[in-house]
There are 6 protein chains.
Amino acid sequence: MDTERVNTGVPGLDEIMNGGIPRGQTVLISGTAGTGKTILSCQYLYMGVTKYKEPSVYLSFEESPESIKKNALNFGMDFAPLEKSGIFSFVKYDPYHVDDISTHLESRIREVGAKRVVIDSISALSFYMREGENFRRMLFTLSSILNKLGCTSFLVSEVLPETTALSRSGVSEFVADTAIVLYYRRVDSAFSRAIQVWKMRGSSHSERLHPYKITKTGIVVYPKEEAFIDVKHGSTKF
Amino acid sequence: MDTERVNTGVPGLDEIMNGGIPRGQTVLISGTAGTGKTILSCQYLYMGVTKYKEPSVYLSFEESPESIKKNALNFGMDFAPLEKSGIFSFVKYDPYHVDDISTHLESRIREVGAKRVVIDSISALSFYMREGENFRRMLFTLSSILNKLGCTSFLVSEVLPETTALSRSGVSEFVADTAIVLYYRRVDSAFSRAIQVWKMRGSSHSERLHPYKITKTGIVVYPKEEAFIDVKHGSTKF
Amino acid sequence: MDTERVNTGVPGLDEIMNGGIPRGQTVLISGTAGTGKTILSCQYLYMGVTKYKEPSVYLSFEESPESIKKNALNFGMDFAPLEKSGIFSFVKYDPYHVDDISTHLESRIREVGAKRVVIDSISALSFYMREGENFRRMLFTLSSILNKLGCTSFLVSEVLPETTALSRSGVSEFVADTAIVLYYRRVDSAFSRAIQVWKMRGSSHSERLHPYKITKTGIVVYPKEEAFIDVKHGSTKF
Amino acid sequence: MDTERVNTGVPGLDEIMNGGIPRGQTVLISGTAGTGKTILSCQYLYMGVTKYKEPSVYLSFEESPESIKKNALNFGMDFAPLEKSGIFSFVKYDPYHVDDISTHLESRIREVGAKRVVIDSISALSFYMREGENFRRMLFTLSSILNKLGCTSFLVSEVLPETTALSRSGVSEFVADTAIVLYYRRVDSAFSRAIQVWKMRGSSHSERLHPYKITKTGIVVYPKEEAFIDVKHGSTKF
Amino acid sequence: MDTERVNTGVPGLDEIMNGGIPRGQTVLISGTAGTGKTILSCQYLYMGVTKYKEPSVYLSFEESPESIKKNALNFGMDFAPLEKSGIFSFVKYDPYHVDDISTHLESRIREVGAKRVVIDSISALSFYMREGENFRRMLFTLSSILNKLGCTSFLVSEVLPETTALSRSGVSEFVADTAIVLYYRRVDSAFSRAIQVWKMRGSSHSERLHPYKITKTGIVVYPKEEAFIDVKHGSTKF
Amino acid sequence: MDTERVNTGVPGLDEIMNGGIPRGQTVLISGTAGTGKTILSCQYLYMGVTKYKEPSVYLSFEESPESIKKNALNFGMDFAPLEKSGIFSFVKYDPYHVDDISTHLESRIREVGAKRVVIDSISALSFYMREGENFRRMLFTLSSILNKLGCTSFLVSEVLPETTALSRSGVSEFVADTAIVLYYRRVDSAFSRAIQVWKMRGSSHSERLHPYKITKTGIVVYPKEEAFIDVKHGSTKF
């Protein structure tokens, strides 16, 4: 029995994920500053609502919905009408009051009937919860709520350059079902971008590095090409 | 006098362990995110119950039994009927209440008459017990209970990339009788998987790196082949 | 719909930024000691006031306005008459009283009707706010005030040599919309300077390293030339 | 005047130690997990009692005497009859009550009339005494008691891979009179074992790396052969 | 309008500084143990008083004036008569009572009418002020007092080998107007010394490494020669 | 005026120190475990008393005088008769009561009329004084007392392998007038020893690495030979 796949709507991404994300999984989106994690997240939700008819929720801890929407508009994604029609919702949550975050998120998901969720970023969350074990527990709680409600979700993870872990905490990669890494690295005299599906629970996937670009309509992945960047001191590890 | 061996049931693994795990030992299963530690653990218990008729217990600190069972199903392992017939048991234990964990685990092992146990993961345990000496002591306590009850056990250990220790704490590898390391590393432009028996108390074993794959029925080890991955900055050390 | 661009007035810089800074963005200016971050900031504001008729505010946490003005004079920029005519303002703020800093900054911006702001340096700010999450929050607060008031702003960031992050805190690069890095690095037996646009939200930009010089009239960027410095152990990362 | 030498009874080891351990010294046995430190310790005491007629004491902080004895049996060393005849004693001591450890150890040594002592492991001891200066002091106290009682002793020290110190604390190598390091390192595609006498107070010794094997009767050192392993990132340092 | 230059009096040094130190600046003198920071400082003040008729103050936090004077005598600099004639003053200040240090220093400078000041060392100061933000603030306070009083000053900074920052705190290089680094590095089988002007506010300077020697009359810099030492793991950075 | 030199009495050492130690200086003796720091110290004092007629004091913080004397005997140095005749004294001082250490040391020095002092080790001292600034202050106090009493002294410093500082604290090398480093490093398949005079206040010295051996009569330095060991990751730095 094969698991149902959720199409991301990001050109080329589903192909390197063996058809899409297994429904109900949480996906870690990991990358340094400037790799396009927020654009990718916007595309996932925008295409979800407009093309696949799946209501969606975008949970932000720091950046304002206005700022995210303005940025998305640059790539041709207009979230305003989707919000008005009640099939999309931006939530800005204060990371200082994390205790009731899961209740809050759950009620918003039910309200919208969301099938897709983005949490941007779990790194912010880990910053405000300084004790590692509290963060680890919170992450498992969020993850199991999202799973219980049948949502297929993105957890956005900031990493610093030359960190070998996939998240600031070194925890999220073990909690997430699937992990995708975005690279931005110098090759000779210019910079290149590459994407990699790091792990996918219960599914095979491309084990290669693929180039991607940030175009006028967002991220485009090239599933048939291979990226030759040196990631030895980056995030490719054993 | 040779020690009795416990067959893991994982294709190829027993061969690189000189016939299997010496009965009663604790085995550290160490690997980064995405190396298949949980699949390997499921196979060990599923084959234990179905093929070798040894009742088993799976102790999880964070991931829900539902999630683990669902993932196992993807590889053709259906734990539900085994649970119903009382020869297999999933235990989810809150790592915040670790004081009585050993009592709890012991009673569940006796209930099922378990011969095989998986603790997934001791890394989670170490996270919630922030004082190193408490964790070290807990680990020795668990280990001696498992030994006293005659169980042959897996301790699952998360490691971050480029860590040279076999566990987050740098302690577990000294407590475990046997240690197995799973690698996931880039070779030229693709990723390769390799497995290594790091140590085995009171027994010889293969001292080479062997390739393994995650197939539709779980992990398969190739005992006659050798893996040529560079583990210099990984976990091969003096 | 294309975003309006703010011209920096720094020769060559606008060309590698695809025409200038998208109006309303915050720009991280990152570099080690001696790379000319303060000169660049002075040029941005001086040209803003004199050439583009945009009133400006320079917020300093440590260095005295006298010292900054004296240094600017060396490069032919005389801020004294601009201050007198009320279209430019230096603010020195004690980083020990950060609680009301945003109120203070906001009122000064309104007073002057500022369109351009420099905060020099956010590293000093992070020093005095030792708890990471407070600094992160402060940075988001400042950033959203600047955005709300329609200011296009520079955040000056000190980095130590061979640090791979773009800021001391490893936070600012995620908060800023745009990031520019200044390098000072040995090539064979002499030192070279190079500038790079690291990221620009919602816009393409040069992805190359360009040489720059500190001349008698300030920083000059060479947009048509390429700098070949080894930044592997510097701040070029994945 | 030459110091009397204590024969270890480990094949080949005395030859690379210029005839054995100077009587009364403490010897640091340093190695990562899986290098055979406990086997070596068992051999030292077993041969001491059975061949050289020197009563012995084995002090363990964590592993149970049962477990150590069972493991020793795998190598043909049966400690049970030695215990019964009162010339050998296993002591298990709770590392949480370290205050009276020296009194306790002293009385046991006198009881047995011990000439050889193993403390397994001082790393465990350092774990439970988190303040570095307390551990340092305890180590000197133990060392001077052992010296006063005329015992020639092994201090077992766990090290993590790629650590350059000979002990977790970086202290024990300065306290011990003699230090022996056990290596386990990859050479091309297989793993090799090597032993080295690092220092010996008041005596010359082999300054080379020698291969050793873990055979069915325990560790065997090859004093006439040389091991060519790369220990650059291991424990060869200035 | 060009800034007036202060001649250091150190042979060759003024030439690589484009004529000397811009009057009123603070200069960071950074180097490991044995690079001659104190000799350089003594030369700066001794030549200041005897050749350029500028009264001077030497502020020491730890080393006694007797010890510094004795050492200076070895290089032919006799401070005793200068002290007696009231145009030079040694100040030894207890770093435990730093609160009133600036008042103290100011009154001594006024007393002597000092134009040149050496603070040896700011590393000692940072040691006794363990909270980074207090040290940063103190440094800015000292710096602005020295500037206000029209003194051209040296701040002596100890660095450990292979540190890439120019000071222990990683702060001083941002506070100082000018930074000079002294290197002591192995080239093949012998050691070489080299000096570099790292940054100079508002002025161009040599961007090369120049050899220097510690002669019988103190430090001599060779402005026309170039030093070819490998400072990759030293202090050459981006 | 040339400073008087103190002969160490160690064969070859005076030659690479331009004739010996400038009288009244403190000399840092830095090396890893097994480099012979204590033997060198014993030679310095033993030769001082027997050959140069300078009474001496050996201050130990941890190792017992009995143990040091026994070890010295192995190298033919018998301190017992020297102690009896009152021209040599061993002091064992409890590092937990460091407050009155300087008074204690001073009175002992006066008693014996000591001209040479060894403090073994300052690393132990730093261990028991956990706050860096207290240790730094204590070191300066000891150093100025020794200087005031006209003693020429050794400060023994333990370093861990691959540490680039000359002491655990990274402080002592700045306090000492002179620094000598002992190396023990692998070259191809064997280990080599080398000695280096790192710095000497107010004096020139050999800037090369020289081989040394630990013979039956103690350390012998070869001033005319050169040691070619790789100290890149050791203590050769800028």
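Below: a short report on this structure. Every chain begins its residue count from 1, and numbering advances along the sequence as written. Just so you know, chain letters begin at A and ligand numbers begin at 1, following the order they were written in. Owing to the predicted nature of the model, reporting of local features is limited to residues with pLDDT of at least 70; listing and counting of side-chain atom pairs is limited to 80 or more, with chain, interface and lining totals taken over all residues. Calculation of side-chain values draws on the structure's entire complement of heavy atoms; hydrogens and water are dropped beforehand.

## Looking at unusual backbone geometry
All names here are of chain A. Omega for the peptide link from D120 to S121 comes to 0 degrees, which places this bond in the cis form. One non-glycine residue with positive phi stands out, namely N18, at about 60 degrees. Within the secondary structure layout, N18 lies in the loop between α1 (13-16) and β2 (21-22). By relative accessible area, which is 41% here, N18 ends up partly exposed. Only DSSP runs of H or I reaching four residues or more are called helices, and only runs of E reaching two or more are called strands; each is numbered from the N terminus. In this scheme, a residue with accessible area under 20% of its type's maximum is buried, one over 50% is exposed, and one in between is partly exposed, where area comes from a 1.4 Å probe on protein chains only.

## Structural notes on the pattern of salt bridges
Any carboxyl oxygen of Asp or Glu within 4 Å of a side-chain nitrogen of Lys or Arg constitutes a salt bridge here. With the rule as written, the count across this model stands at 80 salt bridges over all chains. In this structure, E83(A) engages K69(A) in a salt bridge whose closest nitrogen and oxygen atoms are separated by 2.7 Å. Note that E83(A) is positioned in helix α4 (residues 80-84) and K69(A) in helix α3 (residues 65-74), a separation of 14 residues in sequence. Owing to a relative accessible area of 26%, E83(A) belongs among the partly exposed residues under this scheme. Here E106(F) ties to K148(F) by a salt bridge, and the two come within 3.3 Å at their closest N and O atoms. Taken as a pair, E106(F) in helix α5 (residues 101-112) and K148(F) in helix α7 (residues 132-148) lie far apart in primary sequence, 42 residues in all. Overall, the relative accessible area of 17% leaves E106(F) in the buried class.

## Overview of the interface of chain E and chain C
Any two residues whose heavy atoms approach within 4.5 Å at even a single point are treated as in contact. Every contact between the two is made by 34 residues of chain E and, on the other side, 38 residues of chain C. Applying the counting rule to chain E against chain C returns four salt bridges. R136(E) is the salt-bridge partner of E158(C), the closest N and O atoms lying 2.8 Å from each other. Counted as a polar contact is a pair of N or O atoms within 3.5 Å, where, for protein atoms, one must be capable of donating a hydrogen and the other of accepting one, and residues adjacent in sequence contribute only when both atoms are in side chains. There are six residue pairs in polar contact (both at pLDDT 80 or more) connecting chain E and chain C. Of all the secondary structure elements, the ones that give two or more residues to the side of chain E that touches chain C are α7 (132-148), α8 (172-175) and β9 (190-200) of chain E. In terms of residue count, the dominant contributor to the side of chain E that touches chain C is α7(E) (six residues). Classification used: nonpolar for Ala, Val, Leu, Ile, Met, Phe, Trp, Tyr, Cys and Pro, charged for Asp, Glu, Lys and Arg, polar for all others including Gly. Split by residue class, the side of chain E that touches chain C holds 13 nonpolar, nine polar and twelve charged.

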